[in-house]
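Chain by chain, the residues:
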Amino acid sequence: MDGNGRWAKARHRPRGFGHRAGVESVRRIVEDASEIGLKCLTLYSFSTENWSRPRAEVAALMALMREYIEADLERLKREGVRIRILGTRKGLSNDILKLVDRAVAETNENTDFNLNIAFNYGGRDEILRAVRRAAAAGEDIQSMTEQDFATYLDTADLPDPDLVIRTSGEKRISNYLLWQAAYAEFVFTDVLWPDFGRAELIAALKEYTGRNRRFGVSEESEVA
Ligand code: IPE
Ligand code: MG
């Protein structure tokens, strides 16, 4: 979800105004994704690198996360949404941890839609935490398979993403789902996150549908 700052700047408003609009976009897209029939949506809301933003902006982003869960949890619960949080607990305040733990615990019986929030998330950090967990669990590192290893990731019980969408014209992975996105399709759009809505989601899905996914296997016609 990129481009909140530029969205605000274009309106001569502070960055926080863009982040607030970004949350509205989150609310809409969760509804849209579920209505369209998607089962799983992961949103990159705060990266381990985002801590190096100005203190006030970090505080504003934390406050918005708090507000979103406080305001929407009951409704998401009713709508059958299961919330998972991907990322490290390190650096997060106790009140935020309590709140996200509650969101996860109170929705863990839901099965209609999986909403994963990558919050205080970094792909390298996740992989390193998974290595440590595997070691702590006494896993035999020498004989460990990719499937074994994946059970130590934050996404342990989730499928790999089929499609990764990045908004705002940036064409980077920025430490997002590094392990899981190995064979994901990528769609890049210039649309800024607060403007990303149902039409843009459908366009991205259409583009995805037209892709020929081979997972590293050659096409039959290419085989001599
Ligand atoms: C994305 O918007 C929101 C978060 C990283 C939380 P940005 O804040 O990165 O917006 P730009 O890139 O400055 O436009
Ligand atoms: Mg950005």
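The structure presented is a predicted model; accordingly, all values stated were derived computationally and were not measured.

Caption draft 1: Quick peek at the packing of aromatic side chains. Throughout the structure, instances matching the rule amount to ten aromatic pairs. Both rings, one in Tyr44 and one in Tyr176, keep their centres 4.5 Å apart while their planes meet at 20 degrees; by these two values the pair is stacked. Linking Tyr44 in strand β1 (residues 40-47) with Tyr176 in the loop between β4 (163-166) and β5 (185-188), this pair joins segments that are 132 residues apart in sequence. Both residues of the pair, Tyr44 and Tyr176, count as buried. Aromatic pair Phe46 and Phe119: ring centres 6.1 Å apart, planes at 50 degrees, arrangement tilted. Of this pair, Phe46 sits in strand β1 while Phe119 sits in strand β3 (residues 113-121), and the two are 73 residues apart along the sequence.

Caption draft 2: Structural detail: the sheet that holds β1. The strand order β1-β3-β2 describes an open sheet built from three strands, whose pairing is parallel. Each edge of the open sheet is held by one strand with a lone partner, namely β1 and β2 (81-86). Going from strand to strand, the sheet's axes swing by 20 degrees on average, the running direction of each strand aside. For β1 and β3, the ladder comprises seven bridges, and the chain directions are parallel. Residue pairing for β3: Phe46 is matched across the bridge by Phe119. Along the sheet face, helix α2 (residues 15-36) touches β1 and β3 and points at about 160 degrees away from the line of β1. Those strands touched by helix α3 (residues 55-78) are β1, β2 and β3, and its axis lies near 165 degrees from that of β3.

Rules used throughout
Residues numbered from 1 in each chain as written. Chains lettered and ligands numbered in written order. Predicted model: local features only at pLDDT ≥ 70, side-chain atom pairs only at ≥ 80, totals over all residues. Heavy atoms only, no water. Phe/Tyr/Trp six-rings, centres within 6.5 Å; stacked < 30°, edge-to-face > 60°. Helix = DSSP H or I, 4+ residues; strand = E, 2+ residues; numbered from the N terminus. Buried < 20%, exposed > 50% of the residue type's maximum accessible area, 1.4 Å probe, protein only. Pairing = 2+ DSSP bridges. Axes fitted to C-alpha atoms, helices over the stretch in contact; angles between N-to-C directions. Contact = heavy atoms within 4.5 Å.

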